[in-house]
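As a plain string of letters, each chain reads:
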Amino acid sequence: MAPAPLIDTEYLLDLTERGREVDWGRIDVGAYLADCLARSRTPNGIAGFKVMWREVAVLCRRCDLCAAQFATLVPADTRYVLLTRDDELGQAISFAKANHSQCWNADEQAAFRGRYVFDHRAIDAAARVLAEQRAGWSGFFATTGIEPLRVRFESLLADPDATVDAI
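Now for a look at the structure at hand. Being a predicted model, the structure only gives us computed values, none of them experimental. (Residues numbered from 1 in each chain as written. Predicted model: local features only at pLDDT ≥ 70, side-chain atom pairs only at ≥ 80, totals over all residues. Heavy atoms only, no water.)

### As for helix α2 (residues 29-40)
In this model α2 runs 16 Å from its N-terminal to its C-terminal C-alpha over twelve residues, within 8% of the 16 Å that 1.5 Å per residue would give. Residues of α2 that are buried include every one of V29, G30, Y32, L33, C36, L37 and S40, and no others. An end-on view of α2 places all buried positions within 165 degrees of arc, on one side of the element. (Helix = DSSP H or I, 4+ residues; strand = E, 2+ residues; numbered from the N terminus. Expected span 1.5 Å × (residues − 1). Buried < 20%, exposed > 50% of the residue type's maximum accessible area, 1.4 Å probe, protein only. Arc of directions from axis to C-beta.)

Dropping the structure here:
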């Protein structure tokens, strides 16, 4: 399965016929998650996904689920890794730049030939979105009692091998 956001509605629509109105009350989210996992497992049986809180929130709202209900749809042996960044301003600037350029990884950013323009409003908006993301995941983990493996972005950069070993 190509790398993709797990809950992004674009991929959720792949389970339905394109071009048709989606009946969100009829989508079997559990079957969707099971299918994603089945198609994504590597030969060692592991599958990994990057999930942004906004995707979970949108799905829960559209399917009339609460966070605790969503958690029950994920296989019980699922392990969560919560990646955080100490430098929240740096993260907001990076996020604002990615939104501006639509370059979401280092390779795309290196190839970007456009011009970045300092926009404090975009950085402020990005900071608010990121704060909402952090709050959403904090609430999810508090509500469900799930304890994620907490990984600092700075630790990942400093020692990727040790971070991957911990994961």
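Structure's up, so let's keep going.
### Side note on the pattern of salt bridges
Scanning the entire structure with this criterion turns up five salt bridges. Notably, a salt bridge pairs R152 with D86, separated by 2.7 Å at the nearest N-O pair. Here R152, found in strand β2 (residues 149-152), pairs with D86, found in the loop between β1 (81-84) and α5 (88-101); they are 66 residues apart in sequence, far enough to count as distant. A relative accessible area of 47% places D86 in the partly exposed class. A salt bridge links R134 to E88; the shortest N-O distance between them is 3.3 Å. Here the residue R134 occupies a position in helix α7 (residues 120-144), and E88 occupies one in helix α5, the gap between them amounting to 46 residues. A residue is classified by how much of its surface remains accessible, and E88, at 42% relative accessible area, is partly exposed. (Salt bridge = Lys/Arg side-chain N within 4 Å of Asp/Glu carboxyl O.)

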